[in-house]
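Listed here are the chains, written in short residue letters.
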Amino acid sequence: MDGEFRIQLKNYDSHKIIEAFIEYYGDHLDQAYNKSAYYRTGDVKRSDICAGYQTSDSLFLVYNREGNYLKVYVEPSNKKDINLMKELINRYFKSVTQMLDNKHIKWHKPQATITLEECPLPGIYKTKKEALKEIFEDQREKVVFTPIGTFLAIFIARYLSIMDKIDAGKDAEKALTSTLEALIVVLLLIVCQVFLVSTKRVFTFKI
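Quick look at the structure, then. (Residues numbered from 1 in each chain as written. Predicted model: local features only at pLDDT ≥ 70, side-chain atom pairs only at ≥ 80, totals over all residues. Heavy atoms only, no water.)

1. As for the environment of Y63
Part 1 of the reasoning: Tracing the chain through its elements places Y63 in strand β3 (residues 58-63).
Part 2 of the reasoning: Given a relative accessible area of 8%, Y63 falls into the buried group.
Part 3 of the reasoning: Taking the C-alpha atoms as reference points, Y63 and A51, separated by twelve residues in sequence, lie 7.4 Å from one another.
Part 4 of the reasoning: With residues up to four places along the chain from it excluded, the contact list for Y63 reads E4, Y12, Y38, V44, D48, I49, C50, K71 and Y73.
Part 5 of the reasoning: A polar atom in the side chain of Y63 sits 2.4 Å from the side chain of Y38. (Helix = DSSP H or I, 4+ residues; strand = E, 2+ residues; numbered from the N terminus. Buried < 20%, exposed > 50% of the residue type's maximum accessible area, 1.4 Å probe, protein only. Contact = heavy atoms within 4.5 Å. Polar contact = N/O pair within 3.5 Å; in protein donor to acceptor, adjacent residues only side chain to side chain.)

Laid out in structure tokens, this is it:
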């Protein structure tokens, strides 16, 4: 099981990136690389890596520049624990992006992948804009189309004298109440999923 995440940088300065990793994580590239699967298999050479870090349960290696992408390989001590891998990717993603922020290095378009037996498992990262768009798409039937349809039906029924004024008023009141309830639900979703959840720097992995 392998894992990695990538971040696109606005301006990629290799020297500045290496200095930042050494400052925040120390100069542990050789130790991390020698403990990695890459050292044993030879799939990725030491010269292909520019920074590394090792803990008791994991290590990460930073590839040399690939276009404007900062690419980080993550390896857990237990390669069969998918939950540990998810936790590690999010742990290092949060740590690395905070380091970039502190160095005033602009980043965007984060991507993550966990590979299980040659089957890639992508990690989804939502921005506030994407979270808002998803909520609107999920709720627009209740908030927009259903109320409009209901009020149009009441208007047509009154116009054709199918419904009396009192019944039309009651139905309109019910429709207005349902619309307000739907709007409250949308506001709660925006608070919970946009202003609270989406501010956390985490990838969501779905099998």
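Next, the rest of the story.
2. Some points on the side chain of S58
Part 1 of the reasoning: The topology assignment puts S58 in strand β3.
Part 2 of the reasoning: Looking at S58, the relative accessible area reads 5%, which means it is buried.
Part 3 of the reasoning: Reaching out from S58, the side chain makes a polar contact with the side chain of D57 at a distance of 3.2 Å.
Part 4 of the reasoning: Beyond its immediate stretch of four places on either side in the chain, S58 contacts E75, P76, S77, L88, R91 and Y92.

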